[in-house]
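Each chain is listed here by its residues.
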Protein chains: 2
Amino acid sequence: MTTIVLELSPAVSTPDPTSDATSAAPTSGACCAPIVREAADPAAAADLARSFKALGDPTRVRLLSIVAAHEGGEACVCDLTEPVGLSQPTVSHHLKILVDAGLLAREQRGKWAYYSVVPGSLDRLGALLSEAAR
Amino acid sequence: MTTIVLELSPAVSTPDPTSDATSAAPTSGACCAPIVREAADPAAAADLARSFKALGDPTRVRLLSIVAAHEGGEACVCDLTEPVGLSQPTVSHHLKILVDAGLLAREQRGKWAYYSVVPGSLDRLGALLSEAAR
DNA sequence: GCAACGCATCGACGATCTTCGATCTGAAGT
DNA sequence: ACTTCAGATCGAAGATCGTCGATGCGTTGC
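Reading the values: rules and limits
- Residues numbered from 1 in each chain as written.
- Chains lettered and ligands numbered in written order.
- Predicted model: local features only at pLDDT ≥ 70, side-chain atom pairs only at ≥ 80, totals over all residues.
- Near = placed C-beta within 6 Å.
- Helix = DSSP H or I, 4+ residues; strand = E, 2+ residues; numbered from the N terminus.
- Nonpolar A, V, L, I, M, F, W, Y, C, P; charged D, E, K, R; others polar.
- pLDDT = per-residue confidence, 0-100.
- Contact = placed C-beta atoms within 7 Å.
- Pairing = 2+ DSSP bridges.
- Expected span 1.5 Å × (residues − 1).
- Buried ≥ 20, exposed ≤ 12 C-beta atoms within 10 Å, placed from the backbone.
- Arc of directions from axis to C-beta.
- Core = buried A, V, L, I, M, F, W, Y, C linked by C-beta atoms within 7 Å.
- Axes fitted to C-alpha atoms, helices over the stretch in contact; angles between N-to-C directions.
- Parallel < 35°, antiparallel > 145°, perpendicular 65-115°, else oblique.
- Left-handed = near helix turned anticlockwise from the far one by under 90°.

- Per an unreviewed UniProt entry, chain A goes by the name Transcriptional regulator, ArsR family protein and belongs to Promicromonospora soli.

So this is what it looks like as structure tokens:
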């Protein structure tokens, strides 16, 4: 979901460059520096935060890593429950969060449920970070 | 802190490729596919998760964006408290979390505290994500 | 010295999250 | 049909988080 777009680029009409507020405010003037670019709007920020929150738990990072480390890039729950040392319901819970975040895909084949990393999902997040740092 | 390193590359001694476990398990065999690469160890995963958790809150994403949008890439608390619509203690709390995560830097100049984005910090996280997706 | 200002810190409260055991749902297998 | 197995879902307990008002600390100005 989500079409995460972080708009940082469009320059906001550069306000009158009369007062140079960069070099501190010596006496009484305001501390505030003018805004040069447009900040991310609340909706985009919430969207981004939702994705990062899914990666904000050590167990989920490990699950993602373990899935990616498996041959074919997929693994079932029984492959994951032991390496992380948590109960099966807990692992299922974390996997659901990663699926909801669009980072993992779930496919049921017979008795087992196979999880795989959604191609490009991590790259997309990484690109957003690099772009935001510009 | 942190020297976050996510080791996903070093191929673990490819186990005997006798049984092809990729194409499901038709009858009784185990569902498990072998591990091809080494997964991130718990310490690295916790380190990564700590950074992502700092970005896992909408307010903090906005703060980071607003700071970056200011001229000179820095802003004081009084610049941030109004755009996010939260109390000053709350904003200070979020800023501290971002500083602890190594994403923001704090510099006190006279009466005001100026926050700026740590150069390369977001790029580093983004690069780790792209690498992990390989 | 004293008041005003910017900001950090300190509890405190409610909300959310992580984890578990217990239970439910489907798919194989006998 | 009944049992078995993989996995999801369901409360519940405990921990963590986000937010606030109140307060403390350092700097600036009178």
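### Regarding the protein's contact with DNA strand C
- Taken together, 26 residues lie around DNA strand C, and Pro-89 and Gly-110 of chain A together with Cys-76, Pro-89 and Ser-92 of chain B are the ones closest in.
- Elements represented by at least two residues in the surface near DNA strand C include exactly helix H4 (88-100) of chain A together with helix H3 (77-84), helix H4 (88-100) and strand E3 (112-117) of chain B.
- In terms of residue count, the dominant contributor to the surface near DNA strand C is H4 of chain B (six residues).

### A few points about the protein's contact with DNA strand D
- The environment of DNA strand D is made up of 25 residues, and the closest members are Cys-76, Pro-89 and Ser-92 of chain A together with Pro-89 and Gly-110 of chain B.
- Listed by contribution, the elements that provide at least two residues to the surface near DNA strand D are helix H3 (77-80), H4 and strand E3 (112-117) of chain A together with H4 of chain B.
- Per-element tally for the surface near DNA strand D: the top contributor is H4 of chain A, with six residues.
- For the surface near DNA strand D, the per-class residue count stands at ten nonpolar, ten polar and five charged.

### Details of the confidence of the model for chain A
Residue and element names in this part refer to chain A.
- In the predicted model, chain A carries a mean pLDDT of 79, and the fraction of residues at 70 or more is 75%.
- Of all secondary-structure elements in chain A, the lowest mean pLDDT belongs to helix H5 (residues 121-132), at 85, while H4 reaches the highest, 98.
- The model gives residues 1-28 a pLDDT under 50, and that stretch makes 44 contacts with residues more than four places away or in other chains.

### Points about the pairing of E3 of chain A
All names here are of chain A.
- Bridging between strand E1 (residues 74-76) and E3 involves three bridges; their strand directions are antiparallel. When the sheet's bridge partners are listed, Cys-76 is paired in E3 with Tyr-114.
- Note that strand E2 (residues 104-109) and E3 share six bridges and pair antiparallel. Bridging across to E3, Arg-109 finds its partner in Trp-112.
- As consecutive antiparallel partners, E2 and E3 are separated by two residues, and within that stretch Gly-110 has a phi angle of approximately 65 degrees, a positive value.

### Quick word on the interface of chain B and chain A
- If you look at the interface, chain B gives 50 residues, while chain A gives 51 residues.
- Listing elements by their share of the side of chain B that touches chain A, those giving two or more residues are helix H1 (42-54), helix H2 (58-69), strand E1 (74-76), H3 and helix H5 (121-132) of chain B.
- Of the residues forming the side of chain B that touches chain A, the biggest block, eight residues, is contributed by H5 of chain B.
- Class assignment for the residues of the side of chain B that touches chain A results in 32 nonpolar, eight polar and ten charged.

### Notes on H4 of chain B
All names here are of chain B.
- Over its 13 residues, H4 extends 18 Å from the first C-alpha to the last, a length consistent with the 18 Å expected when each residue adds 1.5 Å.
- Taken together, the buried positions of H4 are occupied by Val-91, His-94, Leu-95 and Leu-98. The buried residues of H4 occupy an angular sector of 100 degrees when projected down its axis, which confines them to one face. Away from its buried face, by an angle of more than 90 degrees, H4 presents the exposed residues Pro-89, Lys-96 and Asp-100.
- Contacts from the buried residues of H4 go to H1, H2, H3, strand E2 (104-109) and E3.
- Backbone geometry just after H4 places Gly-102 at a positive phi near 80 degrees.

### Considerations on the nonpolar core
- One finds Val-67 of chain A together with Val-67 of chain B to be the most contacted residues of the largest nonpolar core, which totals 63 residues.
- Dropping the residues within four chain positions of it, Val-67 of chain A is found in contact with Glu-74, Ala-75, Leu-104, Tyr-115, Ser-116 and Val-117 of chain A.

### A look at the packing of helix H1 (residues 42-54) of chain A against H2 of chain B
- It is at 8 Å that the axes of H1 of chain A and H2 of chain B come closest, and there the two elements cross at 120 degrees. With respect to H2 of chain B, the element H1 of chain A is oriented oblique. By crossing handedness, the relation of H1 of chain A to H2 of chain B is classed as right-handed. Residues Pro-42, Ala-45, Ala-46, Leu-48 and Ala-49 of chain A of H1 of chain A lie in contact with H2 of chain B, whose contacting residues are Pro-58, Val-61, Arg-62 and Ser-65 of chain B.
- In terms of residue class, the contact of H1 of chain A with H2 of chain B is made up of seven nonpolar, one polar and one charged.

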